[in-house]
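Here are the chains, one letter per residue:
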Amino acid sequence: MAPMSRRQTLIGAAAATGAGLLSSIVPKLHADPLGLPIGCQTYPVRTLIAQDFPGTMKTLGTAGFQRVELCSPAGYADSGFGDIAKYKGPELRKILEDAGLQCESAHFSMEELRKNMQGSIAWAKDVGLTQMMVPSLEGPKQPTMDDVKRAADEYNKIAEQSAKAGIQQGLHNEGFELSSVDGQRTYDLLLQLLDPKLVKFQFQCSTITKGFDPLVYFTKYPGRFISMHVQDWSAAQHKMVPVGQGDFDWKKIFDAARVGGVKNYFVEMNLDAMKASIPYLRQLTV
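Parameters at a glance
Residues numbered from 1 in each chain as written. Predicted model: local features only at pLDDT ≥ 70, side-chain atom pairs only at ≥ 80, totals over all residues. Heavy atoms only, no water. Helix = DSSP H or I, 4+ residues; strand = E, 2+ residues; numbered from the N terminus. Buried < 20%, exposed > 50% of the residue type's maximum accessible area, 1.4 Å probe, protein only. Contact = heavy atoms within 4.5 Å. Areas by Shrake-Rupley, 256 points an atom, 1.4 Å probe, with all protein chains shown as cover. Pairing = 2+ DSSP bridges. Right-handed = clockwise from strand over helix to strand, strands pointing away. Phe/Tyr/Trp six-rings, centres within 6.5 Å; stacked < 30°, edge-to-face > 60°. Axes fitted to C-alpha atoms, helices over the stretch in contact; angles between N-to-C directions.

Participant: Any details on the overall build of the protein chain? Residues and values, ideally.
Facilitator: Scanning the protein chain from N- to C-terminus turns up nine helices and 12 strands. Residues classed as buried in the protein chain amount to 55% of the 286 residues present. At a minimum sequence separation of 6, the contacts of the protein chain that also span at least 24 residues come to 80%. In the structure as shown, the protein chain presents an accessible area of about 11,900 Å², 51% of it carried by carbon and sulfur atoms.

Participant: Could you give an account of the pairing of strand 4 (residues 131-134), naming the residues involved and the relevant values?
Facilitator: In strand 4, alternate side chains face the same way, and those of Q131 and M133 on one face and M132 and V134 on the other are all buried. Pairing of strand 3 (residues 102-107) with strand 4 involves three bridges; the strand directions are parallel. Bridge assignment links A106 to a residue of strand 4, and that residue is M132. On the question of chirality, the crossover connecting strand 3 to the parallel strand 4 by way of helix 4 (residues 110-127) is right-handed. Examined bridge by bridge, strand 4 and strand 5 (residues 168-171) share four bridges and lie parallel to one another. Among the inter-strand pairings, V134 is bridged to a residue of strand 5, identified as L171. You can see the chain leave strand 4, run along helix 5 (residues 145-164) and come back into strand 5, and the turn it takes is right-handed.

Participant: Could you give an account of the environment of M110, with specific residues and numbers?
Facilitator: Looking at where M110 falls in the secondary structure, it is placed in helix 4. Separated by 48 residues in the primary sequence, M110 and I158 have C-alpha atoms spaced 9.5 Å apart. Leave out the neighbours within four places in its chain, and M110 touches V134, S136, L137, E138, E154, Y155 and I158.

Participant: Before we move on, can you summarise the packing of aromatic side chains with the specific residues and values?
Facilitator: The geometry of an aromatic ring pair is captured by the separation of the ring centres together with the interplanar angle, meaning the angle of the planes. Scanning the model with the defined rule gives 18 aromatic pairs in all. Centre to centre, the rings of Y187 and F212 are 6.1 Å apart; their planes meet at 65°, and the pair counts as edge-to-face. Here the residue Y187 occupies a position in helix 6 (residues 186-193), and F212 occupies one in the loop between strand 8 (199-204) and helix 7 (214-220), the gap between them amounting to 25 residues. The class of Y187 is buried, set by a relative accessible area of 0%. Accessibility expressed as a relative area gives 3% for F212, which makes it buried.

Participant: Lay out the environment of V148 in plain terms, naming residues and giving numbers.
Facilitator: Checked against the element boundaries, V148 lands in helix 5. Sequence-wise, V148 and L190 are 42 residues apart; in three dimensions their C-alpha atoms are separated by 7.3 Å. Residues contacting V148, with those up to four places away along its chain left out, are P143, F176, V181, T186, L189, L190 and L193.

Participant: Talk me through the side chain of S105; I want residue IDs and the actual numbers.
Facilitator: Residue position: S105 is located in strand 3. Taking relative accessible area as the criterion, S105 reaches 0% and is therefore assigned buried. For S105, the contacting residues outside a window of four places in its chain are V68, E69, L70, L129, Q131, M133 and F266.

Participant: Give me the pairing of strand 5: which residues, what numbers.
Facilitator: The side-chain alternation of strand 5 yields two buried faces, one formed by Q168 and G170 and the other by Q169 and L171. As paired elements, strand 5 and strand 8 share three bridges and run parallel to each other. Across the sheet, G170 pairs through a bridge with K200, a residue of strand 8.

Participant: Residue-level account of the sheet that holds strand 4, with values.
Facilitator: On the basis of which strands lie adjacent, the closed barrel formed by eight strands has the order 1-2-3-4-5-8-9-12 and parallel pairing. Going from strand to strand, the sheet's axes swing by 30° on average, the running direction of each strand aside. Strand direction decides the pairing type here: strand 8 and strand 9 (residues 225-230), joined by four bridges, are parallel. Residue pairing for strand 9: F201 is matched across the bridge by F225.

Participant: Tell me about unusual backbone geometry, and name the residues and values.
Facilitator: At E138, a residue that is not glycine, the phi angle is positive and equals roughly 60°. Residue placement: E138 occurs in the loop between strand 4 and helix 5. Positive phi, close to 50°, is recorded for D182, a residue that is not glycine. Within the fold, D182 resides in the loop between strand 6 (180-181) and strand 7 (184-185). Residue classification places D182 among the exposed positions, given a relative accessible area of 68%.

In structure tokens form, the structure reads like this:
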């Protein structure tokens with residue numbers, strides 16, 4: 001699946017957010033959710049990044065974000081990230097530091113990893129990343145079990161190379177991952193087939209609208225997740241809204257995220273909605 005299509009799952013009919021109540025089985029943290037810095041994915045501001053990367057980072061830092069998740073200049077060149085390839089690691093980190101930001105994670109397309117895995121790892125190391133996230137394994141829309149097994153085998157091998165370089169691979173849940181095979185969710189099959197020592201998962205919270213409940217996944221697969229993308233949804237307005245202004249129970253989601261193993265999270269909506277999410281996240285205790 002091309003990088004430009006990876007946001008298509010943010011649009012869809014709202015469905016019930018599902019059950020999955022989680023009691024207070026872990027101590028409460030009186031800080032930002034999970035006691036973690038508030039982060040944002042930079043894909044929604046890709047047009048601004050193409051025009052002025054340093055200025056856009058300052059905008060995000062001024063808004064109150066402390067972490068950003070980038071997209072690689074090789075895999076997302078046509079999406080507005082190509083120009084950041086001109087910055088060497090120390091220079092890019094200085095731009096982020098001047099904006100009050102840090103970056104430990106970025107998204108990479110499967111196509112670029114297939115073509116030049118070592119080049120992608122080299123860029124990640126230069127920038128100082130500890131996580132390389134893949135939006136989708138880009139399998140067919142209606143896969144067979146063999147398709148899923150082949151995709152998992154390929155990604156296990158990719159993740160093994162990353163692990164040798166000291167970088168964690170993580171898989172997002174987009175198009176291919178939301179398909180099904182013989183009555184089973186492809187996503188569930190991948191959780192079984194991908195090596196837990198090599199692959200962690202990054203949960204896209206907007207997939208609640210497609211029946212993928214983070215409460216269920218975080219508690220059913222403890223320790224398998226490392227990150228999540230955060231969006232809220234209003235069934236009444238039938239659209240995404242700033243975090244805390246929609247139907248999702250974020251206290252329960254963040255509580256479950258700790259069980260799932262989540263180490264960072266990134267708000268991912270349009271810029272205005274991302275900015276409007278910050279006050280809620282600052283006061284949310286989990």
